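Residues per chain are reported as follows:
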Amino acid sequence: VESDLTSVQEKKKQLITGQDSFAGYEDGPRKRLKLDADDRPKISLWGVLKSLIGKDMTKMTLPVSFNECTNLLQRSAEDMEYTDILDRGAKIVDDPALRLAHVAAFAASSYSSTINRIAKPFNPLLGETFEYCRPDCGYRLFSEQVSHHPPIGALYAEAPKWDFYGASNVKSQFYGRSFDINPLGRWYLTLRPDAGAGVEEELYSFKKVTSSVVGIITGSPIVDNYGDMDIINHTLGYKCTVNFKPRGWSGKNAYELKGRIVSPSGKEEWIVGGRWNDKIIARRIVKGQESTGDGVKLPAGDSNAPTSSANINAILLWKVHDRPPAPFNLTAFAITLNDLPDKLARYIAPTDTRLRPDQRAMEEGRYDAAADEKKRVEEKQRAARRLREQSGVEYKPLWFKKDVHPVTGEEYYTPTRDYWQYRQNKSIKTIAPDIF
Ligand code: CLR
């Protein structure tokens, strides 16, 4: 049984359903692509990349066979694969440190999708948008490519118990030995805990760690993710630094992560640890010692999740989903993103990634068409930019605006027009540009 929602949770739920946000998603997420396996030509990465040392990804023109059939807006949406962690975290009403542990596990969980994905996502066109709803998980997401140089994609996702927002703005550089991707922006999470927590909303924020493609020269490239991720509860003052270990020469430290949750008074309360390819467990620190045990199993369904940490010394926060073989090594979640059932086609913006012809061709294994269409839409983007330059018009994104975050004081993107309202009124077409 779903417990009663708090007034702020209920308000968000009413907003999402009141705007018919889930219209078009009735058939549920798709299970597979049309393609059974991708048959992209296998080329040596090093053979192509060796002349590109020192460059960033935006300055590399690579054959389309280096691409996967997703783009960076969709890669950001992949952060939503494990939002069940947030819904479980919101249920813990008597332990803000354990709530933060859930947020930390959520932030780390998305890295599991980088495994075996040695391919370049398409670069979204300026003004491209991507919406994604999961009625079964209660959330809606909207994103827009707000800048082309540097490429920045702003995202805003909402559910009754949380909002997740930020911008993907990565600095990439190819060093020869490795190809490094450094995310620049801060990600924000508003959590709305269940009744009894003594707080209606909490603001958390974190920065992503470095992603790095290693093993390029030896011909067995893998994505590693390493560095420190500071996760802060700005409302209550709890903090945690999760350290992602670099895999190292022998691969001995591969996937390992660990962090301590510290209360505002400086007391270490929980340890979050595990591996981002497998599972993450929170263990209570008792008299300076880390509790042992495998952790309470993940509850089957939200309603069985604990509401108190009183009798828990170890709890399983996250377990990776199965990875059945799939074209481009996509996760089952990534496969759902570019689906375009007829029901949905009526609602999405004309700028939605799902309508990008090059990416659709890639997804269907029509690689020559993908290359031709990619060239065409990129040329169309350049023509639009030339027109703007000639008439001296400064580009402004349609749905987001740059602002200063009221709590962190850092620059961020915030919605400026209500996409979901336009969607409900079927009036997106009156303002969205023709970019494909
Ligand atoms: C990491 C998590 C960030 C968003 C993000 C942006 C760029 C992505 C990166 C993630 C994962 C690794 C990535 C990268 C772009 C290119 C790189 C997919 C999702 C691949 C592995 C590079 C392949 C090498 C090419 C030269 C073929 O929030």
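Residues numbered from 1 in each chain as written. Predicted model: local features only at pLDDT ≥ 70, side-chain atom pairs only at ≥ 80, totals over all residues. Heavy atoms only, no water.

Time to look at the overall build of the chain. Along the backbone of the chain there are 10 helices and 19 strands. The C-alpha atoms of the chain give a radius of gyration of 22 Å, which matches the 22 Å a tight globule of 436 residues would have. The principal-axis extent of the C-alpha atoms belonging to the chain is close to 65 × 55 × 45 Å. Looking at the chain alone, contacts between residues at least 24 apart form 62% of all its contacts between residues at least 6 apart. (Helix = DSSP H or I, 4+ residues; strand = E, 2+ residues; numbered from the N terminus. Rg over C-alpha atoms; globule rule 2.2 N^0.38 Å. Contact = heavy atoms within 4.5 Å.)

The subject of this paragraph is the pattern of salt bridges. A complete count under the given rule lists 40 salt bridges for this structure. A salt bridge links R140 to E158; its shortest N-O distance comes to 2.9 Å. Residue R140 is found in strand 4 (residues 139-147), and its partner E158 is found in strand 5 (residues 152-159); the two are separated by 18 residues along the sequence. For the salt bridge of E290 with R283, the shortest nitrogen-to-oxygen distance reads 3.4 Å. The network of salt bridges with shared partners includes K12, R140, E158, D163, R192 and E201. (Salt bridge = Lys/Arg side-chain N within 4 Å of Asp/Glu carboxyl O.)

Residue position: G248 is located in the loop between strand 12 (239-244) and strand 13 (256-262). A residue is classified by how much of its surface remains accessible, and G248, at 45% relative accessible area, is partly exposed. A sequence separation of 56 residues divides G248 from R192, and the C-alpha atoms of the two residues are 39 Å apart. (Buried < 20%, exposed > 50% of the residue type's maximum accessible area, 1.4 Å probe, protein only.)

Mapped onto the secondary structure, S112 falls in the loop between helix 5 (96-109) and strand 2 (120-122). Residue classification places S112 among the buried residues on the basis of a relative accessible area of 4%. S112 has contacts with Y82, W276, W318, V320 and R323, leaving out every residue within four places of it along the chain.

With that out of the way, let us pick up the site of the ligand. Inspection of the region around the ligand gives 15 residues, with M57, F66, R117, A119 and K208 positioned closest. Interatomic distance of 3.2 Å between a side-chain N/O atom of K208 and an oxygen atom of the ligand. In isolation the ligand has 610 Å² of accessible area, and contact with the protein removes 96% of it. When residues of the shell around the ligand are traced back to their parent elements, those giving at least two are helix 3 (72-77) and strand 10 (210-214). Of the residues that constitute the shell around the ligand, the class distribution is 11 nonpolar, one polar and three charged. (Near = heavy atom within 4 Å. Polar contact = N/O pair within 3.5 Å; in protein donor to acceptor, adjacent residues only side chain to side chain. Areas by Shrake-Rupley, 256 points an atom, 1.4 Å probe, with all protein chains shown as cover. Nonpolar A, V, L, I, M, F, W, Y, C, P; charged D, E, K, R; others polar.)

Mapping P264 onto the fold places it in the loop between strand 13 and strand 14 (268-275). Through-space distance from the C-alpha of P264 to that of Y188 is 20 Å; in sequence the pair is 76 residues apart.

Right, let's talk about helix 5 for a bit. Taking 1.5 Å per residue, 14 residues should reach 20 Å; helix 5 reaches 20 Å between its end C-alpha atoms and fits that length. For helix 5, the tally of buried residues reaches 14 of 14 residues, placing the bulk of the element in the interior. Where helix 5 starts, the residue carrying a side-chain oxygen 3.1 Å from the main-chain nitrogen of A97 turns out to be D95. (Expected span 1.5 Å × (residues − 1).)

Right, let's talk about helix 1 (residues 7-18) for a bit. Since one α-helical turn is 3.6 residues long, residues separated by three or four positions face the same way. Taking 1.5 Å of rise per residue, 12 residues should cover 16 Å, and helix 1 covers 16 Å from first to last C-alpha, within 8% of that figure. Restricting attention to buried positions, one finds in helix 1 the residues V8, Q9, K12 and I16. Along the axis of helix 1, the buried residues cluster in a sector spanning 105 degrees; they form a single face. Every exposed residue of helix 1 that faces more than 90 degrees away from the buried side is listed here: S7 and K11. Trailing helix 1 by a residue or two, D20 shows a phi angle of about 50 degrees, which is positive. (Arc of directions from axis to C-beta.)

Turning to the state of the cysteines, a few remarks are in order. One pass over the structure, following the stated rule, counts zero disulfides. Free of any disulfide, C137 has its nearest cysteine sulfur in C133, 11 Å distant. (Disulfide = S-S within 2.5 Å.)

Glancing now at the packing of aromatic side chains. Under the criterion given, the structure shown has 21 aromatic pairs. Arranged with centres 6.4 Å apart and planes meeting at 45 degrees, the rings of Y132 and Y139 form a pair that is tilted. With respect to burial, Y132 and Y139 carry one shared label: buried. Among the aromatic residues, ring-to-ring pairing joins F142, W399, F400, Y419, W420 and Y422 into one connected group. For K208, the ring lying beneath its charged end belongs to W187, and the centroid distance is 5.6 Å. Taking NZ or CZ as reference, R247 lies 5.7 Å from the ring centre of Y255, over its face. (Phe/Tyr/Trp six-rings, centres within 6.5 Å; stacked < 30°, edge-to-face > 60°. Lys NZ or Arg CZ within 6 Å of the ring centre and 35° of its normal.)

Here the focus is the nonpolar core. In this structure, M80, W162, F164, M229 and F244 are the most contacted members of the largest nonpolar core, which totals 56 residues. When residues no more than four places from it in sequence are discounted, the contact partners of W162 are M80, T83, L86, D87, Y139, A157, L189, T190, L191 and R192. With 25 residues, the next largest nonpolar core counts F142, W399, F400 and Y413 among its residues. (Core = buried A, V, L, I, M, F, W, Y, C linked by side-chain atoms within 4.5 Å.)

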